[in-house]
Amino acid sequence: MRKITNSIIALSMMSMLSACGSSGIFDRQRPDEFAVSRQAPLVIPPDFTLAPPQNGALRPNATSAQEQVLSTLFGGEAARSAVEAGVLNQAGDADSSIRSSVDDPGTNTVAKGNVTRDIIAAPEGAGRTATADTPE
């Protein structure tokens, strides 16, 4: 019994030791340590004769955040299609003071509170047969 135990231990030790080698049943792919390349070192520019900025002058590359986003996402402004240009021409220019007049108490609005709430709270129906009661 002792011989069998010793032989099993010896065989398992040899199989574990064979995993360390480069050939055999436990052969594995290792990374090539010589394939790693170094990055170039940082270089200080040789010329520091940049003109200092003038007081109050705009930066030469200053753009708005919206222009930066458009250029990053879409590669700059695209030309408008004929349909889009026509719709914008028909819409006209927006009033620049619209935000201040929206919250004005003198602005006429339509009370949609109860009707809108009832429509939103209506139970789901079966397509065409769905009905909603509206007050008259």
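These numbers come from a predicted model, not from an experiment.

Undergrad: Is there a simple way to think about the overall build of the chain in this case?
TA: Across its full length, the chain holds five helices and zero strands. When its helices and strands are written in sequence order, the chain yields α-α-α-α-α. A buried classification covers 0% of the 136 residues belonging to the chain. For the chain, the accessible surface area stands at approximately 14,100 Å², while carbon and sulfur atoms represent 58% of it.

Undergrad: Can you help me understand the pattern of salt bridges in this one?
TA: If charged atoms from side chains of opposite charge come close, those side chains can pair. Here the structure, examined in full by the defined rule, presents one salt bridge. Ionic pairing is found between Arg80 and Glu84, a salt bridge with its closest N-O pair at 3.0 Å. Residue classification places Glu84 among the partly exposed positions, given a relative accessible area of 37%.

Undergrad: I'm lost on the confidence of the model for the chain in this one. Help?
TA: Low-pLDDT portions of the prediction should not be read for the details of their coordinates. When the pLDDT values of the chain are averaged, the result is 76; 85% of them are 70 or greater. Of all secondary-structure elements in the chain, the lowest mean pLDDT belongs to helix α4 (residues 98-102), at 71, while helix α3 (residues 82-91) reaches the highest, 89.

Undergrad: What is the right way to read helix α2 (residues 65-74) from this model?
TA: Side chains of residues three or four places apart in an α-helix project in the same direction, reflecting 3.6 residues per turn. With zero of its 10 residues buried, α2 lies for the most part at the surface. A positive backbone phi angle near 75° is found at Gly75, which sits one or two residues after α2.

Undergrad: Can you walk me through α3 in this structure?
TA: Among the 10 residues that make up α3, zero are buried, leaving the element largely open to the surroundings. Just downstream of α3 lies Gly92, where phi reads positive at about 80°.

How each quantity is defined
Residues numbered from 1 in each chain as written. Predicted model: local features only at pLDDT ≥ 70, side-chain atom pairs only at ≥ 80, totals over all residues. Heavy atoms only, no water. Helix = DSSP H or I, 4+ residues; strand = E, 2+ residues; numbered from the N terminus. Buried < 20%, exposed > 50% of the residue type's maximum accessible area, 1.4 Å probe, protein only. Areas by Shrake-Rupley, 256 points an atom, 1.4 Å probe, with all protein chains shown as cover. Salt bridge = Lys/Arg side-chain N within 4 Å of Asp/Glu carboxyl O. pLDDT = per-residue confidence, 0-100.

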